[in-house]
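Overview (structure and organization)
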Amino acid sequence: MKIRTSRRWSGDSPPLGPTPARAIEDAKGEQQRVLKRLRGLIESHQESAVRMKVALEVEDVLIVIDALVAEAEQSDPLHLLKCPDEVREYARFSLYDEMLGEPSNVFLATPVSADTTRYEAMPRAFWLDCLRALRREWEA
């Protein structure tokens with residue numbers, strides 16, 4: 001029987017506690033890649049909304065972004081998406097749901113060696129930075 005203290009780590013069991021946040025090497029480039037994906041999703045949903053006879057306007061997109069920020073900060077985002085117009089509310093929720101999945105769909109590439117690349121999930125702080133940058137674009 002092996003006895004391990006919490007200070008020692010062998011290859012078959014992970015260390016206790018959360019892993020420290022990793023610095024993103026090309027944060028600006030990675031952010032632009034994420035923003036491009038998010039812009040594409042917004043454009044697609046705007047086109048769909050037109051077919052439903054409603055327009056997803058700047059205000060709607062900003063509300064969706066605010067709801068995503070609230071979700072990432074572990075607040076209740078759903079009250080932000082409410083709207084008296086049921087079709088507009090559906091369009092908002094639809095865009096929100098699709099954008100909510102993006103942090104788990106986008107991986108950050110980290111070169112480990114000349115022929116090895118590690119793909120890691122997007123850290124929450126980086127996702128929040130991307131959302132805030134997207135909001136600034138839509139406010140302009």
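Refer to the structure presented above.
Throughout what follows, the structure given in this document is the object of discussion. These figures come from a predicted structure and were not determined experimentally. (Residues numbered from 1 in each chain as written. Predicted model: local features only at pLDDT ≥ 70, side-chain atom pairs only at ≥ 80, totals over all residues. Heavy atoms only, no water.)

Topic: the pairing of strand β1 (residues 107–113)
Examined bridge by bridge, β1 and strand β2 (residues 116–121) share six bridges and lie antiparallel to one another. Across the sheet, the residue bridging to Phe-107 is Ala-121, located in β2. Between β1 and the antiparallel strand that follows it, β2, lie two residues. (Pairing = 2+ DSSP bridges. Helix = DSSP H or I, 4+ residues; strand = E, 2+ residues; numbered from the N terminus.)

Observations concerning the environment of His-45
Tracing the chain through its elements places His-45 in helix α1 (residues 27–51). Here His-45 falls in the buried class, since its relative accessible area comes to 10%. Taking the C-alpha atoms as reference, His-45 lies 9.5 Å from Glu-98; in sequence the two are 53 residues apart. When sequence neighbours within four positions are dropped, the list of residues in contact with His-45 reads Leu-56, Ser-94, Leu-95 and Glu-98. Engagement of the side chain of His-45 in a polar contact is seen with the side chain of Ser-94, the distance being 3.5 Å. A polar atom in the side chain of His-45 sits 2.7 Å from the side chain of Glu-98. (Buried < 20%, exposed > 50% of the residue type's maximum accessible area, 1.4 Å probe, protein only. Contact = heavy atoms within 4.5 Å. Polar contact = N/O pair within 3.5 Å; in protein donor to acceptor, adjacent residues only side chain to side chain.)

Read these as spatial facts, not as claims about activity.
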